[in-house]
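# Descriptive analysis of the structure
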Protein chains: 2
Amino acid sequence: MAKLVLYHYPTSPFSRKVRILLAEKGIEFTLKQENFWERRRMFLALNPAAQVPVLQEFDVNNKQTYLVSDSVAICEYLEERYNGISFIGDDIFERAEARRLSGWFNNKFYYEVTKLIVDEKIYKFLRNQGEPNSNCIRAAKTNIKDHLDYISFLLRSRKWLAGEKFTIADITAASQLSVLDFLGDVDWERNPDVKEWYCLIKSRPSFRQLFDDVIPGFEPSKYYKSLDF
Amino acid sequence: MAKLVLYHYPTSPFSRKVRILLAEKGIEFTLKQENFWERRRMFLALNPAAQVPVLQEFDVNNKQTYLVSDSVAICEYLEERYNGISFIGDDIFERAEARRLSGWFNNKFYYEVTKLIVDEKIYKFLRNQGEPNSNCIRAAKTNIKDHLDYISFLLRSRKWLAGEKFTIADITAASQLSVLDFLGDVDWERNPDVKEWYCLIKSRPSFRQLFDDVIPGFEPSKYYKSLDF
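None of these values were measured; they are calculated from a predicted model. (Residues numbered from 1 in each chain as written. Chains lettered and ligands numbered in written order. Predicted model: local features only at pLDDT ≥ 70, side-chain atom pairs only at ≥ 80, totals over all residues. Heavy atoms only, no water.)

Many structure descriptions define interface size as the accessible area lost when the parts assemble. All names here are of chain A. What the domain assignment reports for chain A is domain 1 (2-81) and domain 2 (92-212). Summarising the inter-unit geometry, the C-alpha centres of domain 1 and domain 2 are found 21 Å apart. Domain 1 puts 19 residues into the contact, and the matching count from domain 2 is 22 residues. Applying the counting rule to domain 1 against domain 2 returns two salt bridges. Taken together, the connections running from domain 1 to domain 2 amount to eight residue pairs in polar contact (both at pLDDT 80 or more). Mapped by element, the contributors of at least two residues to the side of domain 1 that touches domain 2 are helix H1 (13-24) and helix H3 (71-81). At nine residues, H1 tops the list of elements feeding residues into the side of domain 1 that touches domain 2. For the side of domain 1 that touches domain 2, the class distribution of residues is eleven nonpolar, three polar and five charged. (Domains from an automatic or database assignment. Contact = heavy atoms within 4.5 Å. Salt bridge = Lys/Arg side-chain N within 4 Å of Asp/Glu carboxyl O. Polar contact = N/O pair within 3.5 Å; in protein donor to acceptor, adjacent residues only side chain to side chain. Helix = DSSP H or I, 4+ residues; strand = E, 2+ residues; numbered from the N terminus. Nonpolar A, V, L, I, M, F, W, Y, C, P; charged D, E, K, R; others polar.)

In structure tokens, the structure reads:
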């Protein structure tokens, strides 16, 4: 028996990824919101990188507490520690493909799209750092087109991003997109197949928890909670 | 039996990480240098992210070719595909810690230090984009101090970064540092314990292959190849 606490922030796509994975695996957990940019001393002790998510696991049997941070490390940990369906995949080559695409959205998509928009729109607002830089927003809105087209390209020959199974690749991509969707920054009309794929993920019970997320000063976009948008 | 080709670039810390891991695991491979920024059509077909490293594996038995890209995916793949010592770790918590720290250097260190210096000094030169931006270099040189101090902090209670064993955490960190060391951008006198740790890694046969790397227009720093610096 273990008690899990996840330190997260609503607009962190990496927190969202872990929340969805936990729910998909049927693991119970408690959420704690962490304003990570405040660099609280207690939080830095949990993760000196001062980033969310951080997973804290208290093992009731041996009274030990385990800490895992870095969202990739957390996902691999959950896969190794908890039985059940694997969301990385069973076959070694499927696993490599799921990890490749998860890496694509964790890194390439994040730095080319999500980070530009979230830093400018949300974190600047939360930290009173002035108006968003419109060049950054524009760059992100140009960059996202190639990524949506790439998802569309993958879906032409596959049911899910990494193959025939729903994997961490889908979870990672949808987590990034969901933050942008909250802000109304995804053009869902560009690729109907991408919209359909995202709708399927949005309908999963694991995803519903994201609908209640609140970001002070921001209203979710009109279709954020809608399964039929 | 499999034949492995690794597409790499000498100044890519992610390529270096995979090269060291391959050598540590005793896996034979052929290196192919890829000027990834040229975005050759043939290379984009191997990895649409247009990034190195890319691992191409030809299975002599079933005549299949497997492609893996994203350096994290490649390292996990090599661990799953090839037997022998695990460089992620054996125990589940050790593995989480090795992956956490590997993530630290893949992401935090890379974006706060390596990328700033390599983009400004090397890629601008290779692409004829003018002089390095001195603000970027200065920021990187400030940022690296905290990272070196953090390595030193870890080494106060551990033999290697993630614990008592040499892992992917050490390989990842040393790969990032080795690129900066080539350029003479690491102040090795700041933390004697970090220098000692790096010397031990530098002495490993797996690391020697990096000494012969050539970057057109750049001379390696005075101590780059020296084991006693």
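So that's the structure; there's more coming.
A few words on the pattern of salt bridges. Opposite charge on two side chains permits them to pair, given that their charged atoms come into close proximity. Scanning all chains against the criterion turns up 44 salt bridges over all chains. As a salt-bridge pair, Arg99(A) and Glu76(B) come within 3.8 Å of each other at their nearest N and O atoms. Remark: Glu76(B) occurs in helix H3 (residues 71-81) and Arg99(A) occurs in helix H4 (residues 92-126); the pair is interchain, linking two chains. Here Arg99(A) and Glu76(B) have matching classes, each one buried. Here Lys195(B) and Glu189(B) are joined by a salt bridge, their closest N and O atoms 3.3 Å apart. (Buried < 20%, exposed > 50% of the residue type's maximum accessible area, 1.4 Å probe, protein only.)

Looking now at the interface of chain A and chain B. Contacts between the two partners involve 25 residues from chain A and, on the opposite side, 25 residues from chain B. Linking chain A with chain B are six salt bridges. A salt bridge links Arg95(B) to Glu80(A); the shortest N-O distance between them is 2.9 Å. Linking chain A with chain B are four residue pairs in polar contact (both at pLDDT 80 or more), by the criterion used here. Elements with a minimum of two residues in the side of chain A that touches chain B: strand E4 (64-69), H3 and H4 of chain A. Among the elements that make up the side of chain A that touches chain B, the one with the highest residue count is H4(A) (eleven residues). Tallied by class, the residues present in the side of chain A that touches chain B amount to 13 nonpolar, four polar and eight charged.

What follows deals with the confidence of the model for chain A. Of the residues in chain A, 100% reach a pLDDT of 70 or more, and the chain-wide mean stands at 96. The ipTM assigned to the predicted complex is 0.97, against a pTM of 0.97. (pLDDT = per-residue confidence, 0-100.)

Looking now at the relation of the copies chain A and chain B. Least-squares fitting of chain A to chain B yields an RMSD of 0.0 Å, with the transformation described by 0.0 Å of translation along the axis and a rotation of 180°. The operation mapping one copy onto its partner corresponds to a two-fold rotation axis. Across chain A, the smallest distance between a C-alpha and the rotation axis is recorded for Asn107(A), namely 4.2 Å. When the interface residues of chain A are mapped onto chain B, 100% of them are again interface residues, pointing to one common binding face. (Least-squares fit on C-alpha atoms with pLDDT ≥ 70 in both.)

All names here are of chain A. Across all of its chains, the model carries 47 aromatic pairs over all chains by this definition. For the pair Phe-182 and Tyr-224, a centre-to-centre distance of 5.0 Å together with 75° between the ring planes defines the contact as edge-to-face. Of this pair, Phe-182 sits in helix H6 (residues 168-182) while Tyr-224 sits in the segment after helix H8 (205-208), placing them 42 residues apart in sequence. With relative accessibility at 1%, the residue Phe-182 sits in the buried group. Members of the aromatic cluster, each reached through a chain of ring pairs, are Phe-182, Trp-188, Trp-197, Tyr-198, Phe-207, Phe-211 and Tyr-224. Seen from the ring of Phe-166, Arg-204 lies directly overhead, with NZ or CZ sitting 3.6 Å from the centre. (Phe/Tyr/Trp six-rings, centres within 6.5 Å; stacked < 30°, edge-to-face > 60°. Lys NZ or Arg CZ within 6 Å of the ring centre and 35° of its normal.)

Residues and elements named next belong to chain B. Across the sheet, four strands lie side by side as E2-E1-E3-E4; this open sheet has mixed pairing. With one partner strand each, in any of the chains shown, strand E2 (30-33) and strand E4 (64-69) form the two edges of the open sheet. For this sheet, the mean angle separating the axes of adjacent strands, direction not counted, is 20°. In the sheet, strand E1 (residues 2-8) pairs with E2 via four bridges, with the strands oriented parallel. Note that in E2 the partner of Tyr-7 across the bridge is Lys-32. (Pairing = 2+ DSSP bridges. Axes fitted to C-alpha atoms, helices over the stretch in contact; angles between N-to-C directions.)

Attention now goes to H3(B). Most of H3(B) sits out of view: eight of its eleven residues are buried. Taking the backbone nitrogen of Val72(B) as reference, a side-chain oxygen 3.1 Å away marks Asp70(B) as the first, capping residue of H3(B).

This brings us to the packing of H1(A) against H6(A). All names here are of chain A. Where H1 meets H6, the axes come as close as 8 Å, and the angle between the chain directions of the two elements is 135°. By the criterion of interaxial angle, the relationship of H1 to H6 is oblique. Crossing handedness for the pair H1 and H6: right-handed. For the pair H1 and H6, the contacting residues are Pro-13, Phe-14, Arg-16, Lys-17, Ile-20, Leu-21 and Glu-24 in the first and Ile-168, Ile-171, Thr-172, Ser-175, Gln-176, Ser-178 and Val-179 in the second. Looking at the contact of H1 with H6, its residues break down into seven nonpolar, four polar and three charged. (Parallel < 35°, antiparallel > 145°, perpendicular 65-115°, else oblique. Left-handed = near helix turned anticlockwise from the far one by under 90°.)

Turning our attention to the pairing of strand E3 (residues 54-59) of chain A. Two faces belong to every sheet, and in a regular strand the side chains alternate between them. Residue and element names in this part refer to chain A. Inspection of the sheet shows strand E1 (residues 2-8) paired to E3 by six bridges, in the antiparallel sense. Bridge assignment links Leu-6 to a residue of E3, and that residue is Leu-55. Note that E3 and E4 share six bridges and pair antiparallel. Directly across from Asp-59, in E4, lies its bridge partner Gln-64. Two successive antiparallel strands, E3 and E4, enclose a turn made up of four residues, where Lys-63 displays a positive phi of approximately 60°.

Once that is clear, we can look at unusual backbone geometry. Most of the time, phi is negative for any residue but glycine, and the peptide bond is trans. Here the amide bond leading from Val52(A) into Pro53(A) is cis, since omega sits at 0°, within 30 degrees of zero. With respect to the helices and strands, Pro53(A) occurs in the loop between helix H2 (41-46) and E3. Here the phi dihedral of Ala50(B) falls at roughly 60°; this positive angle occurs in a residue that is not glycine. Mapping Ala50(B) onto the fold places it in the loop between helix H2 (41-46) and strand E3 (54-59). Residue Ala50(B) is classed as buried on the basis of its relative accessible area, which comes to 7%. Positive phi values are uncommon outside glycine, yet Lys63(B) reaches one of about 60°. Mapped onto the secondary structure, Lys63(B) falls in the loop between E3 and E4. Residue class for Lys63(B) comes out exposed when judged on its relative accessible area of 61%.

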